[in-house]
Amino acid sequence: MPVKKATKKFEFGGLQLELKLSGRDVINIEKRLGKSMMALFMSGDGDMKLPPSNEMLIVLQGANQTHGISDNDIINAFEKFFDEGHAPMELFSVLTDLFQESGFFGKKDSVSKTNSKSGLEVLDGGAKDPESLL
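Summarised in this report is the structure supplied together with it. These numbers come from a predicted model, not from an experiment.

The rules behind these values
- Residues numbered from 1 in each chain as written.
- Predicted model: local features only at pLDDT ≥ 70, side-chain atom pairs only at ≥ 80, totals over all residues.
- Heavy atoms only, no water.
- Buried < 20%, exposed > 50% of the residue type's maximum accessible area, 1.4 Å probe, protein only.
- Helix = DSSP H or I, 4+ residues; strand = E, 2+ residues; numbered from the N terminus.
- Pairing = 2+ DSSP bridges.
- Arc of directions from axis to C-beta.
- Axes fitted to C-alpha atoms, helices over the stretch in contact; angles between N-to-C directions.
- Parallel < 35°, antiparallel > 145°, perpendicular 65-115°, else oblique.
- Left-handed = near helix turned anticlockwise from the far one by under 90°.
- Contact = heavy atoms within 4.5 Å.
- Nonpolar A, V, L, I, M, F, W, Y, C, P; charged D, E, K, R; others polar.

Once that is clear, we can look at the pairing of strand 2 (residues 15-19). Burial along strand 2 is one-sided: Leu-15, Leu-17 and Leu-19 are buried, and none of Gln-16 and Glu-18, which face the opposite way, are. Here strand 1 (residues 8-12) pairs with strand 2 via 5 bridges, running antiparallel. For Glu-11, the partnering residue across the bridge sits in strand 2 and is Gln-16. Following strand 1, the chain reverses through 2 residues before pairing antiparallel with strand 2; Gly-13 in that reversal takes a positive phi of roughly 55°.

As structure tokens, this is what we get:
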């Protein structure tokens, strides 16, 4: 039985966000970004880098579990966050903590190799299932 992960509360520019990353969230975020979430942290030569603010906001929106918050709400909250004197590095720190807590960087426990009910999921976009994420 999978362990249910707790959400991380984050007050962001007047919004109360509840952040959590599931495997499905990671897939959706990477789809919006057009690249791996790991690429957010790494430059082409393998050095660590600070991702662009718009990409961090996509991750923040994708990890947010609070219903009814639009992309526009996130952008407005970022403006307020920034105007209050907060730096993008603070947002980066929140996201790296979220990634760590969610197990994105790896876990000490062993992980099951199949997560779906049937054990079979199509990841090549060939699925005709209307609920397919890809």
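From this point, things continue past the structure.
Okay, helix 1 (residues 23-33) next. If you check which residues of helix 1 are buried, you get Asp-25, Val-26, Ile-29 and Leu-33. End-on view of helix 1: buried residues confined to an arc of 100°, all on one side of the axis. Immediately downstream of helix 1, the backbone of Gly-34 shows phi near 75°, a positive value.

Right, let's get into the packing of helix 2 (residues 53-63) against helix 3 (residues 71-83). Interhelical geometry of helix 2 versus helix 3 gives an angle of 125° and a closest axis separation of 10 Å. If you check the angle between helix 2 and helix 3, you find them oblique. Crossing of helix 2 against helix 3: the hand is right-handed. Where helix 2 abuts helix 3, its residues Ser-53, Leu-57, Leu-60 and Gln-61 lie against Asp-71, Ile-74 and Phe-78. Taken together, the residues of the contact of helix 2 with helix 3 break down into 4 nonpolar, 2 polar and 1 charged.

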